[in-house]
Amino acid sequence: MRFRLFSLILATALPLVIFAAAMVVLFEKEQARSFAGVIEQATGAAQRAVEARIDTIRIALEALTTSDPLAAGDQEAFAGQAQRLLALQPDWMALELAGPDGPTRIAREDYRLPDEGAVDTQTVFTYGEPQVSGILVDPERRSEPVVAVSVPLLGSQGVERVLTAYVRAWTVNRALRDQGVIPGWQIVVIDADGRLVARTLSDDPMDPALGARPDPSVAEGLGRNENFFFAHALTGEDVYTAVASSATTGWTVLVAAPAALIQKPLWRNMAAVIGGGLLALTLAVTFGWSLTRAYRRQQAAEQRALQLEAARAAEQRTVAILESTTDCVYEVDRTWCITFINHRARDLIAGGQDVTGRSLWNVFLEAEATAFWEQLHKVAAERTPVEFEAFYAPLRAWYAVRAFPSEEGGVAVYFQDVTERRQAREALAESERRYRFMAESIPQIVWTAEPDGNVDYLNSRWTDYIGADGAEAGTGWSWSAFVHPDDVPEALAEWEEARAAGRALDVEFRLRRRDGSYRWHLARALPLHDTKGRIVKWFGSMTDIHDQKLYEETLRAARDDAEHAKAEAEEARAEAERANLAKSKFLAAASHDLRQPMQSLFLFAESLERYIVDQRGRERLLHLRRGLDALKGLLDSLLDVSRLDAGLIEPVIEDFPIRQVLDQVGDAYAQVAAAKGLAFEIEPCDAYVRSDPTLLGRMLRNLLENAVRYTERGRIKVVCTRAGEHLRVEVHDTGIGISAEHLRHIWEEFYQVGNPERDRNQGLGLGLAIVQRLSTLLGHKVDVRSVKGEGSVFSLEVPLGKAAGAVPKPPAAGPGQGAGRLAVLVDDDAIVLLGLETMLEDWGYEVLAAGSTEQALANLEAKGQRPDVVLADYRLREHRVGTEAIVKIRERFGAKIPGILVTGETGPECARDAMRHDIAIAYKPVTPDQLGNVLERLLAGRHGLEGAANLDLRS
């Protein structure tokens, strides 16, 4: 029973399976026929695209045959006309005019013409019909393959001449690509000799396969005169190929599609029928029905796509034909008569007028005796091409000119307006000059390198550091020879990594000095990119950080010692105190040494005023003074924190208009912000506040200094708003901002956001620490809010004050202040001594200068006159001090003569010594106005330490 049921089911299913298999086979055949139709349609479209491109060339040649030179048989005129046509048709490599007396051939300089006879022009002479050759290939492959298009030139006797254009075979390739190629398909064009003219498989105009023959299977299919056959591509792939022959060119166009598109579905469907039975049959029928519908939709979409591609290709061909050269062109004959000028040249130099037929030098009268006149006459006389740039004054423009002799004895001129490019080049040269000047002016070693890492420039600080023998050393990669051997691998690795990643270089290494010792340097470099993001230059510097490294190592050692066991804590604390003492001594000594030359600058700047009478000079002197004031503030910041912690600053609280402080800080930082390209604004405010104006000004200067340093673009703005009984002063910036984890640390000494390497070019990290201590001293609340990447707002609240009458300012130091008084100067620094002497003499003092106490006493003994005031440096030679000089002069004359210590010594010893002898102190660098005010108070009987001390904070 089971066997019968199985047999019945098998007998019933077998016809169905056979029927399903037959349907699958029929469906595959239908699919193959549909596929063949699509390929044949694509072949026809490709054939029409090739014929359209050849027809375009033929039409252009036929239009050329109607020109006057060819109609008249003027060979020389034809040569000039051919040169212009070749310049306008980039795909035309040569033109040939064949006649009874032989051919005239005009070709591009870089093109090698085929041998005469390579093109069968005799057929054109015989039948009078256009002719298209097969592929013409240079045997040595030095020139691109071409095809020749020939047209007859008819006359009274029939065909009198034949005009032939040698056109790049790549033109046919572009025509096929313009009409669209389905991905994975190939289009091939074969000439009448069975050689390849073009194939879309290659992107190379010099394709070595051009001129060769296709796979033998293609030749066999063509020999059978079949329009659709199975063949092998040159790539080894099995393809279905459709064929279309062109009656216009005699060529054959083949479109090949991968056979896998048909064969794979066939095997898959047959396997499904055999293995799946009735279920497979049902699925196959369903799949076949769905596939048929999908394929029909795909076929319709592909036909629409081909139509759109053909329309776009036709439009692009039209645009390409109408497109003109970007050069301005004109041509003159041997009499300098303009024979041709294109529309670009007319618009640029002739005001849009057609000047054809006029003399060049009558149209451009101002061009005589200029570079244009000389160079064009040189071309006409010597018959050699020239290329030059020159300025044409009437049009106020620079032109890049290329001039060539023409065969008619005239000159062809191609030119472009290069005014903007010339100005950019000059601006670049000026920028380079300024950069080199700045690089030679700064104290760091400055260098530049090519994109490949070769150093091509080092400023004079390099040769100063390594010694005179290294004047030519350091360029290329030789700089590594001066790096400590232990540091060379890391330095080179960092440099290679920075160049490869295109990021900033930041590396520390030891550099050998001229005396053979090594000092730590911080090397930094930034890449300069062009508009395409490619690195074109590296700009770098090397900064001596040896002292900083030693200091950091000392602090690090102190921190490490602090983590030791409790038994070693006392020793670690003692070591830290010794390190701190060494730091204090170092700062004191450095402060003294730096303040001496700065003091000289202040004094000589004051002395210059009487010699500068014009307003511009006085403005420059004012900028010099402001710069010195800013430099003085930077130096003083090194000492402010320690003095504030020691309680040596006593604020002088008074009521004053806030505008007084805002104007001062605005004058100091407006130009600094403008130099960085930042907008700078201080909103007007007429409120009075109660504070110390000098210390409040220091707080605002530090906040503005911080804002300018960390803002690269955008603006800085100062705003004042009332908040109850206080005035809130806010400093807004659009800088880098501060993340939340850094906000509570920014008021600490030496703490800087984004400067872990302690770059001294970004300050010392003391500005906000000073602001915090001054706010505590004055009782002014300070606050900050910030968003990283968007900017910060620092604010401080100052008690409101009462408006008061104008407070007279102390008389400014100036001529007439001395009124013939005798002033004694004691200083072992000759430059400072000379500066003080010059300034006091300008103020009307009679000055007696000395380098030591003994010299001062001897000079006074000889003069026999009691001085009115004594100014002395604190630290003199041989461990002597200035207080000794003032005391001995007082003892010599038995009077308490006013005395001032003008010193860079900021330690407590100097202050105690001055207080013990009732001597005023002016800390270097002291400005002329400050020194004049101290002198005025002392000579008026209001002398003492008050007002004279702490001049480093009250600046």
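Calculation criteria
Residues numbered from 1 in each chain as written. Predicted model: local features only at pLDDT ≥ 70, side-chain atom pairs only at ≥ 80, totals over all residues. Heavy atoms only, no water. Axes fitted to C-alpha atoms, helices over the stretch in contact; angles between N-to-C directions. Helix = DSSP H or I, 4+ residues; strand = E, 2+ residues; numbered from the N terminus. Parallel < 35°, antiparallel > 145°, perpendicular 65-115°, else oblique. Left-handed = near helix turned anticlockwise from the far one by under 90°. Contact = heavy atoms within 4.5 Å. Nonpolar A, V, L, I, M, F, W, Y, C, P; charged D, E, K, R; others polar. Pairing = 2+ DSSP bridges. Right-handed = clockwise from strand over helix to strand, strands pointing away. Disulfide = S-S within 2.5 Å. Buried < 20%, exposed > 50% of the residue type's maximum accessible area, 1.4 Å probe, protein only. Patch = residues over 30% accessible without salt bridge, like charges linked within 9 Å, V, L, I, M, F, W, Y side chains within 5 Å. Areas by Shrake-Rupley, 256 points an atom, 1.4 Å probe, with all protein chains shown as cover. Salt bridge = Lys/Arg side-chain N within 4 Å of Asp/Glu carboxyl O. 1 Å grid on protein atoms, 1.4 Å probe; cavity = no way out; pocket = protein on both sides within 12 Å on 5 of 7 lines; lining within 4 Å. Points joined across faces, edges and corners; volume = space filled by probe spheres on them. Arc of directions from axis to C-beta. Expected span 1.5 Å × (residues − 1). pLDDT = per-residue confidence, 0-100. Phe/Tyr/Trp six-rings, centres within 6.5 Å; stacked < 30°, edge-to-face > 60°. Lys NZ or Arg CZ within 6 Å of the ring centre and 35° of its normal.

Looking now at the packing of helix H17 (residues 658–675) against helix H18 (residues 693–709). Helix-helix packing is described using two parameters, namely the angle between the two axes and the distance between the axes. For the pair H17 and H18, interaxial distance at closest approach is 10 Å and the crossing angle is 30°. Relative to H18, the element H17 lies roughly parallel. Our pair here, H17 against H18, has a crossing hand that is right-handed. Side by side, H17 and H18 meet where Ile658, Gln660, Val661, Leu662, Val665, Tyr669 and Val672 of the first sit next to Pro693, Leu696, Gly697, Leu700, Arg701, Leu704, Glu705 and Val708 of the second. The class makeup of the residues in the contact of H17 with H18 is 11 nonpolar, two polar and two charged.

Moving on, we get to the pairing of strand E29 (residues 846–850). The pairing of strand E28 (residues 822–826) with E29 spans five bridges and is parallel. For Leu822, the partnering residue across the bridge sits in E29 and is Glu846. For the crossover from E28 across helix H21 (residues 830–842) to E29, the handedness is right-handed.

A sheet is described by the order of its strands in space; here five strands give the open sequence E2-E1-E5-E4-E3, paired in antiparallel fashion. Two strands in the sheet have a free side with no partner beyond their single neighbour: strand E2 (102–107) and strand E3 (131–136). Strand-to-strand twist of the sheet, defined as the mean angle between neighbouring strand axes without regard to direction, takes the value 20°. Pairing analysis gives four bridges linking E3 to strand E4 (residues 146–155), with the strands arranged antiparallel. Paired with Leu136 across the strands is Val146, a residue of E4. Contacting strand E1 (92–99), E2 and strand E5 (158–168), helix H3 (residues 75–88) runs over the sheet at an angle of about 160° to E1.

Further remarks concern the sheet that holds E29. With parallel pairing, the five strands of this open sheet are ordered in space as E29-E28-E30-E31-E32. One side of each edge strand has no neighbouring strand; the edge strands of this open sheet are E29 and strand E32 (920–923). Neighbour-to-neighbour, the strand axes of the sheet open up by a mean angle of 20°, direction not taken into account. Where strand E30 (residues 869–872) and strand E31 (residues 899–903) come together, three bridges link them in parallel fashion. Each bridged residue has a counterpart across the sheet, and for Leu871 the counterpart in E31 is Ile900. Against the sheet, helix H23 (residues 882–893) contacts E28, E30 and E31, and its axis sits at roughly 165° relative to E31.

On to the state of the cysteines, then. Applying the stated criterion across every chain, the model contains zero disulfides. Not engaged in a disulfide, the cysteine Cys720 finds its nearest cysteine sulfur in Cys685; these two sulfurs lie 4.1 Å apart. A relative accessible area of 16% places Cys720 in the buried class.

Here we come to a nonpolar patch on the surface. Taken together, the side chains of Leu528, Val536 and Phe539 make up a nonpolar region of the molecular surface, amounting to roughly 220 Å² of accessible area. Assignment of secondary structure puts Phe539 in strand E20 (residues 535–544). For Phe539, a relative accessible area of 30% corresponds to the partly exposed category.

For the rest of this paragraph, the subject is the layout of surface pockets. One number sums up the size of the second largest pocket: a volume of about 960 Å³. Gln83, Arg84, Ala87, Ala412 and Tyr414 are, among the 29 residues lining the second largest pocket, the residues nearest its centre. A total of eight residues in the lining of the second largest pocket trace back to one element, the largest contributor, which is H3. Residues of the lining of the second largest pocket, tallied by class, amount to 13 nonpolar, eight polar and eight charged.

Looking only at helix H24 (residues 908–916), the buried set comprises Cys910, Asp913 and Ala914. Projected down its long axis, H24 carries its buried residues within an arc of 95°, all on one side. Turned more than 90 degrees away from the buried face of H24 sit Pro908, Arg912, Met915 and Arg916, all of them exposed. Phi for Asp918, located one or two positions after H24, is positive at around 55°.

Tracing the backbone through its elements, the reader meets Ala219 in helix H6 (residues 216–223). Looking at Ala219, the relative accessible area reads 48%, which means it is partly exposed. For Ala219 and Gly194, which are 25 residues apart along the polypeptide, the C-alpha to C-alpha distance reads 7.8 Å.

Okay, the packing of H18 against helix H20 (residues 767–778) next. Viewed as axis vectors pointing N to C, H18 and H20 meet at an angle of 150°, and their least axial separation amounts to 9 Å. Of the possible angle classes, the one that applies to H18 and H20 is roughly antiparallel. With respect to the hand of their crossing, H18 and H20 are arranged in left-handed fashion. On H20, the residues touching Leu695, Leu696, Arg698, Met699, Asn702, Leu703 and Asn706 of H18 are Gly767, Leu768, Ile770, Val771, Leu774, Ser775, Leu777 and Leu778. Broken down by class, the residue content of the contact of H18 with H20 amounts to 10 nonpolar, four polar and one charged.

Quick look at the environment of Pro152 now. Within the element layout of this structure, Pro152 appears in strand E4. A C-alpha to C-alpha distance of 9.4 Å links Pro152 and Leu61, two positions 91 residues apart in sequence. The contact partners of Pro152, leaving out residues within four places of it in the chain, are Thr65, Val124, Gly128, Glu129, Pro130, Val159 and Arg161.

Our next topic: H20. Spacing of three or four residues puts side chains on the same side of an α-helix, whose turn is 3.6 residues. For H20, which comprises 12 residues, the first-to-last C-alpha distance of 16 Å matches the rise-based estimate of 16 Å (1.5 Å per residue) to within 8%. Gly779, located one to two residues past H20, shows a positive phi value of around 75°.

Interpretation of this model should avoid reading the predicted coordinates in detail wherever pLDDT is low. Across the protein chain, the average pLDDT comes to 78, with 76% of residues at or above 70. Below a pLDDT of 50 lies the segment residues 757–762, which in the model reaches 23 contacts outside its immediate sequence neighbourhood of four places, other chains included. The low-confidence segment residues 806–810 (pLDDT under 50) makes one contact with residues lying over four places distant or belonging to another chain.

With the rule as written, the count across this model stands at 14 aromatic pairs. Aromatic pair Phe391 and Trp398: ring centres 5.5 Å apart, planes at 55°, arrangement tilted. When its relative accessible area of 38% is taken as the criterion, Phe391 is described as partly exposed. Over the ring of Trp398 we find Arg422, and its NZ or CZ is 3.6 Å from the ring centre. Directly above the ring of Trp520 sits Lys549, whose terminal nitrogen or CZ lies 4.5 Å from the centroid.

This model, assessed by the stated rule, comprises 45 salt bridges. Between Glu144 and Arg168 there is a salt bridge, with the nearest N and O atoms lying 2.8 Å from each other. Placement of Glu144 in the loop between E3 and E4 and of Arg168 in strand E5 is noted, with a sequence separation of 24 residues between them. By the burial criterion, Glu144 is buried, and Arg168 matches it. For Glu705, the salt bridge is made with Arg709, and the minimal N-O distance between the two is 3.1 Å.

What follows concerns unusual backbone geometry. Phi angles above zero are rare outside glycine, and Arg383 is one such case at about 55°. The topology assignment puts Arg383 in the loop between helix H10 (371–382) and strand E13 (386–392). The backbone of His879 shows a phi angle near 60°, a positive value even though the residue is not glycine. Along the chain, His879 turns up in the loop between E30 and H23. Its relative accessible area of 83% is what places His879 among the exposed residues.

Looking at the element boundaries, Gly851 is found in the loop between E29 and helix H22 (853–863). A relative accessible area of 21% places Gly851 in the partly exposed class. Distance in space between the C-alpha atoms of Gly851 and Leu833 is 8.0 Å, their sequence separation being 18 residues.

This paragraph deals with the side chain of Thr200. With respect to the element layout, Thr200 can be found in the loop between strand E7 (196–199) and H6. Overall, the relative accessible area of 10% leaves Thr200 in the buried class. In this view, Thr200 contacts Asn173, Leu176, Arg177, Val181, Trp185, Gln186 and Ile187; residues no more than four positions away in its chain are not counted.

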